[in-house]
Amino acid sequence: MATETADPESSESSGPLADKSPWLKIGIVVGGLAVAVSLMVLAFLAPSINSGADDLPVGISGPAQATAQLQQKFEAAQPGAFDFRNYDDAAAVAEAAHDRDVVGGISIEAAGSVTITVAGCAGTPYSALLKNIGAGLETAGKKVTYTDIAPLTADDPNGSGLSALGMPLAFGGMISAVLLSTLLKNLPLYKIAGSIAGSTVVGFVVVAILQFGFGSVDGNYFLTSLSLALGVAAISLFVLGMESLLGYAGFGVGGLLMMFIANPLSGMATGWQWLPSPWGFIGQLLPIGSTGTLVRSVAFFDGHGIGMPLTVLFIWVIVGVALTIGGAAKKQRAAAASAANA
């Protein structure tokens, strides 16, 4: 840690555009702004306008003829809305929902009664949709029983705490990167250490507020806090890396990506399957969406379904660390070359 680089302040202005003409720089700014604003509009409007049931994975069980008729009925009424997956019985459907393979399910018993399995913590739209289906079946004369295998907490039955995580997550990661880059300009290893420490503190503080202050989550506090901390670190380290590579312009790139693309595509409030394809899946490849899925899985589903979000977040962390160190090394070489030419 004692051998950190210390290149001059002028290195901030020696980026790839330093020797370009003012008109070329203006053109690049204008073109970049058009692309950025277009992406922001698409990221915010496309999911909100087109959200809804689209290939939702729903478990189904029961006599073959009855389940086939039910599937045909829904396919005729809402083509492409559901991706029905067959299971042996209601217990198997409930297990699949708990393992996060499906968002819920419909089980038809031999006597004609129906069990609707929901997972409230997977996303409120799914529960509402499945309960509406149950209400329709009740109207048709079926006896319907509802089972929630991962209910929201009694203190936060609407999932408001989880829904509100997106902006604090993005802001916490970005503000830590800005502060560390400002205070530790040419000390990349200290920046990385500070980012990890700050992200850990944020994770534990925010989850303490959610769990002990508002009762929005009730899982393992330690593991849920580490999950959120990993998400904050992924954002913070990536923004640090972009700043190290591009200078202050890196803050703009990182901020645009996290605040105006990753946040609306996260599915934090609804669950990512509710977003239109491919936006929901794209959101899961970004830190905020993957953090939301990870926190839900750890806090409410006993860790089931954490494989993909953990992988995604660790990749963002590794990329951020690599960019931070690589950018600092590049500045050091530029400073050495400038000194040699002086």
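See above for the structure.
Predicted model, so just to flag it, every value in this text is computed and none were measured.

A. Local environment of the overall build of the chain. If you tally the helices and strands in the chain, you get twelve helices and five strands. Dimensions of the chain, computed from C-alpha atoms along their principal axes, come out at roughly 90 × 45 × 30 Å. Per-residue burial for the chain yields a buried fraction of 46% across its 342 residues. In the form shown here, the chain has an accessible surface area of approximately 16000 Å², with 67% of it arising from carbon and sulfur atoms. For the chain, the separation between the mean place of its 14 positive charges and that of its 22 negative charges on side chains is 10 Å.

B. Spotlight on unusual backbone geometry. Note the cis peptide between Ser 277 and Pro 278, where omega equals 5°. Along the chain, the position of Pro 278 falls in the loop between helix 9 (249–262) and helix 10 (279–284). With a phi close to 55°, Asp 302 is a non-glycine residue in the positive phi region. Relative to the helices and strands, Asp 302 resides in the loop between helix 11 (287–300) and helix 12 (307–341).

C. Spatial organisation of the layout of surface pockets. Considered as a void within the structure, the second largest pocket measures approximately 530 Å³ in volume. Taken together, 33 residues form the lining of the second largest pocket, with Pro 57, Arg 100, Trp 272, Gln 273 and Gln 284 sitting closest to its centre. Breaking the lining of the second largest pocket down by element, the ones donating at least two residues are helix 10, helix 11 and helix 12. Of the residues contributing to the lining of the second largest pocket, the split by class is 15 nonpolar, eleven polar and seven charged.

D. View of helix 9. The end-to-end C-alpha distance of helix 9, which contains 14 residues, comes to 18 Å, matching closely the 20 Å that a straight helix rising 1.5 Å per residue would cover. Along helix 9, the residues classified as buried are Gly 250, Phe 251, Gly 254, Gly 255, Leu 257, Met 258, Met 259, Ile 261 and Ala 262.

E. Molecular detail of the pattern of salt bridges. As enumerated under the stated definition, the model contains two salt bridges in all. Put simply, Arg 85 and Asp 83 hold a salt bridge, and the shortest N to O gap is 3.1 Å. According to the relative accessible area criterion, Arg 85 is partly exposed, its value standing at 33%. A relative accessible area of 28% places Asp 83 in the partly exposed class. Among the salt bridges present, the one from Lys 191 reaches Glu 243, with a minimum N-O distance of 3.5 Å. With Lys 191 in helix 7 (residues 188–213) and Glu 243 in helix 8 (residues 221–246), this pair connects stretches of sequence that are 52 residues apart.

F. Structural view of the packing of helix 6 (residues 166–183) against helix 9. Between helix 6 and helix 9, the least distance of the axes is 10 Å, while the angle of their chain directions is 170°. It follows from the interaxial angle that helix 6 and helix 9 lie roughly antiparallel. Note on element contacts: helix 9 touches helix 6 through Phe 251, Gly 255, Met 258 and Met 259, opposite Met 167, Ala 170, Phe 171, Met 174, Ala 177, Val 178 and Ser 181. Split into classes, the residues belonging to the contact of helix 6 with helix 9 amount to nine nonpolar, two polar and no charged.

G. The packing of aromatic side chains, seen in detail. Taken as a whole and assessed by the stated rule, the structure comprises nine aromatic pairs. Judged by centre distance (6.1 Å) and plane angle (40°), the ring pair of Phe 74 and Phe 84 falls under tilted. Taken together, the positions of Phe 74 in helix 2 (residues 64–77) and Phe 84 in strand 2 (residues 82–87) put the pair ten residues apart, joining distant regions of the chain. Ring geometry for Phe 82 and Phe 84: centres 5.4 Å apart, planes at 35°, overall tilted.

H. Expanded view of the packing of helix 6 against helix 8. Packing of helix 6 against helix 8 brings their axes to within 8 Å, and their N-to-C directions diverge by 45°. Overall, the two elements helix 6 and helix 8 adopt an arrangement that is oblique. Considering how the two elements wind past one another, helix 6 and helix 8 form a crossing that is right-handed. Each of Leu 169, Ala 170, Gly 172, Gly 173, Met 174, Ser 176, Ala 177, Leu 180 and Ser 181 in helix 6 lies in contact with helix 8, whose residues at this interface are Leu 228, Gly 231, Val 232, Ile 235, Ser 236, Val 239, Leu 240 and Glu 243. Partitioned by chemical class, the residues of the contact of helix 6 with helix 8 number ten nonpolar, six polar and one charged.

I. Fine view of the pairing of strand 5 (residues 144–148). Looking at chain direction, strand 4 (residues 114–118) and strand 5 are connected through five bridges and run parallel. Its bridge partner lying in strand 5, Val 118 is registered against Asp 148. For the crossover from strand 4 across helix 4 (residues 124–139) to strand 5, the handedness is right-handed.

J. Structural context of the nonpolar core. Of all hydrophobic cores here, the largest spans 68 residues; its most connected members are Phe 82, Ile 106, Ile 116, Met 258 and Trp 316. Sorting elements by how many residues they give to this core places helix 8 first, with eleven residues.

K. Expanded view of the sheet that holds strand 2. Spatially, the five strands line up as an open sheet ordered 2-1-3-4-5, and their pairing is mixed. Strand pairing shows two members of the sheet lacking a second neighbour, strand 2 and strand 5, which therefore form its edges. Across the sheet, the mean angle separating the axes of adjacent strands is 20° when strand polarity is ignored. Looking at chain direction, strand 3 (residues 104–108) and strand 4 are connected through five bridges and run antiparallel. From the neighbouring strand, Gly 104 faces strand 4, where its bridge partner is Val 118. Where helix 3 (residues 90–98) meets the sheet, it contacts strand 1 (56–61), strand 2, strand 3 and strand 4, and its direction lies at approximately 180° from that of strand 3.

About the thresholds
Residues numbered from 1 in each chain as written. Predicted model: local features only at pLDDT ≥ 70, side-chain atom pairs only at ≥ 80, totals over all residues. Heavy atoms only, no water. Helix = DSSP H or I, 4+ residues; strand = E, 2+ residues; numbered from the N terminus. Buried < 20%, exposed > 50% of the residue type's maximum accessible area, 1.4 Å probe, protein only. Areas by Shrake-Rupley, 256 points an atom, 1.4 Å probe, with all protein chains shown as cover. Lys, Arg positive; Asp, Glu negative; His and termini not counted. Charge placed at Lys NZ, Arg CZ, Asp CG, Glu CD. 1 Å grid on protein atoms, 1.4 Å probe; cavity = no way out; pocket = protein on both sides within 12 Å on 5 of 7 lines; lining within 4 Å. Points joined across faces, edges and corners; volume = space filled by probe spheres on them. Nonpolar A, V, L, I, M, F, W, Y, C, P; charged D, E, K, R; others polar. Expected span 1.5 Å × (residues − 1). Salt bridge = Lys/Arg side-chain N within 4 Å of Asp/Glu carboxyl O. Axes fitted to C-alpha atoms, helices over the stretch in contact; angles between N-to-C directions. Parallel < 35°, antiparallel > 145°, perpendicular 65-115°, else oblique. Contact = heavy atoms within 4.5 Å. Phe/Tyr/Trp six-rings, centres within 6.5 Å; stacked < 30°, edge-to-face > 60°. Left-handed = near helix turned anticlockwise from the far one by under 90°. Pairing = 2+ DSSP bridges. Right-handed = clockwise from strand over helix to strand, strands pointing away. Core = buried A, V, L, I, M, F, W, Y, C linked by side-chain atoms within 4.5 Å.

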